[in-house]
Amino acid sequence: MKDNIIAWLEEGTITVPSLLFTEYRNLNLNEAELVLLLNIMTFVEKGNDFPTPEELSSRMTISLSECSDMLRKLIQRGLLAIIDEYSQDGIRFEKYTIKPLWERLVTQFLTSTQNVHENQKKTDETDLYTCFENEFGRPLSPFECESLAMWMDDDHHDPVIIKAALREAVMSGKLNFRYIDRILFEWKKNGIKTLEQAKNQGRKFRQKQVQKGNPREDAPPSSIPFYNWLEQ
């Protein structure tokens, strides 16, 4: 029993990124090709940098000819490569490298991440247009659509911040794009980048206006002045 465990440990282990298992289909790899690549990794890990098709197929449920054909196709598709190296004695030898696989995997991951961000951006833009049209009670004019697009292209103006500026305009009873643009300009100038910062900015100004006006304690909430951004 002890000898079996030692033999098992001596077989060694390989480290495989979990990303390979989630993305191999997007690399157009099937399960047999994936297992073949894993077997190559295993041989390389144990010091055999150039296992033969016979050695590889003996570990799988594919024939020798199928294994050879699969290796050829993996090389043609840029997922596996054979490179030349030289020993200390100057003897040239060939070896497999799966670096092309890792390069394709990283590219696939970055592309997938970018697509997710782009899809999320499109969703945010659609929601933003809908939000503005609901508040204005009408479709936006071409000029208003262009203004909204310019705000969204500004890295400083997150859709959440633009919605917050719209809310400020609604609360102030000044629902127009010039007023909203001024709010966004002031927030950008003052380094306002989060929804909480935007809320605090408006709250602080209103408190200051209340102190200046010294309203009666029994005054209704509607008498509290709102932030008139156009006066800044």
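Everything that follows concerns the structure shown earlier in this document.
Position labels on residues start from 1 in each chain and follow its written sequence. It should be noted that, the model being predicted, local features are given only for residues of pLDDT at least 70 and side-chain atom pairs only at 80 or more, the latter also being counted only at that level, while totals for whole chains, interfaces and linings use all residues. The basis for the side-chain values is all heavy atoms of the structure; hydrogens and waters are excluded.

Q: An account of the overall build of the protein is requested, with residue identities and associated values reported.
A: In terms of regular secondary structure, the protein is built from 10 helices and 2 strands. Runs of E in the DSSP output that reach at least two residues are strands. Runs of H or I that reach at least four are helices, and both are numbered from the N terminus. Counted from the first residue to the last, the protein has its helices and strands arranged as α-α-α-α-α-β-β-α-α-α-α-α. Whether a residue is buried, partly exposed or exposed follows from its accessible area with a 1.4 Å probe, protein chains only, as a fraction of its type maximum: under 20%, in between, or over 50%, in that order. Of all 232 residues assigned to the protein, the portion counted as buried reaches 30%. Throughout, a residue-residue contact means that at least one pair of heavy atoms, one from each residue, lies within 4.5 Å. Long-range contacts, defined here as pairs at least 24 residues apart, represent 54% of the contacts in the protein between residues at least 6 apart. As displayed, the protein has an accessible area near 15,200 Å², and 52% of this comes from carbon and sulfur atoms. Only the protein chains shown count as covering a residue, and every accessible area follows the Shrake-Rupley method with a 1.4 Å probe.

Q: Could you give me a rundown of the side chain of serine 57, with the residues and numbers involved?
A: Within the fold, serine 57 resides in helix 4 (residues 53-57). Residues adjacent in sequence count toward polar contacts only when both atoms are side-chain atoms; beyond that, a polar contact is any pair of N or O atoms within 3.5 Å, and within protein one must be able to donate a hydrogen and the other to accept it. Here glutamate 54 takes part through its backbone oxygen, which lies 3.2 Å from a polar atom of the side chain of serine 57. Each residue touching serine 57, except ones within four places of it in the same chain, is listed here: Ile62, Ser63, Leu64 and Cys67.

Q: Before we move on, could you go through the nonpolar core and cite the residues and values that matter?
A: Core analysis: the largest hydrophobic core is formed by 24 residues, its most contacted members being Leu29, Leu36, Leu71, Leu80 and Leu101. Counting residues per element, the ones that place at least two in this core are helix 3 (31-45), helix 5 (64-76) and helix 6 (99-136). The dominant element in this core, judged by the number of residues it contributes, is helix 3, at 7 residues. Among the nonpolar cores identified, the runner-up in size contains 21 residues, and Leu128, Ala164, Leu166 and Leu184 belong to it. To qualify as a nonpolar core, a set must consist of buried Ala, Val, Leu, Ile, Met, Phe, Trp, Tyr and Cys residues joined through side-chain atoms within 4.5 Å.

Q: Lay out the packing of helix 8 (residues 159-172) against helix 9 (residues 177-189) with the relevant residues and their values.
A: Each packed pair of helices is defined by two parameters, the angle between the axes and the distance between the axes. Orientation of helix 8 relative to helix 9, taken along the N-to-C sense of each, is 125 degrees, at an axis distance of 9 Å. Here helix 8 lies oblique to helix 9, going by the angle between them. Where helix 8 crosses over helix 9, the two elements pack in a sense that is right-handed. Two secondary-structure elements touch here, helix 8 through Ile161, Ile162, Ala164, Ala165, Leu166, Glu168, Ala169 and Ser172 and helix 9 through Tyr179, Ile180, Ile183, Leu184 and Trp187. Axis angles are defined between N-to-C directions and span 0 to 180 degrees, where every axis is a line fitted to C-alpha atoms and, for a helix, only to the segment in contact. Note on terminology: angles under 35 degrees are roughly parallel, angles over 145 are roughly antiparallel, angles of 65 to 115 are roughly perpendicular, and the others are oblique. In this scheme the handedness of a crossing depends on how the near helix is turned from the far one: anticlockwise by less than a right angle means left-handed, clockwise means right-handed.

Q: Help me get a handle on the pattern of salt bridges, residues and values and all.
A: Take a side-chain nitrogen of Lys or Arg and a carboxyl oxygen of Asp or Glu: if they are within 4 Å of each other, that pair is a salt bridge. Taken as a whole and assessed by the stated rule, the structure comprises 8 salt bridges. Across the salt bridge formed by aspartate 69 and arginine 72, the nearest N and O atoms sit 2.2 Å from each other. Note that aspartate 69 and arginine 72 are positioned in helix 5 at a spacing of 3 residues, about one turn of the helix. On the accessibility criterion, aspartate 69 (28% relative accessible area) is partly exposed. For the salt bridge of glutamate 144 with arginine 138, the shortest nitrogen-to-oxygen distance reads 2.7 Å. For glutamate 144, a relative accessible area of 10% corresponds to the buried category. Here the salt bridges do not stand alone but share partners, grouping Asp69, Arg72 and Lys73 into one network.

Q: Lay out the pairing of strand 1 (residues 81-86) with the relevant residues and their values.
A: Criterion used throughout: strands pair if DSSP finds at least two bridges between them. As judged from the 6 bridges shared by strand 1 and strand 2 (residues 92-97), these two strands associate in the antiparallel manner. What sits directly across from glutamate 85, in strand 2, is phenylalanine 93. Where strand 1 hands over to strand 2, the hairpin turn is made up of 5 residues, of which glycine 90 adopts a positive phi near 85 degrees.

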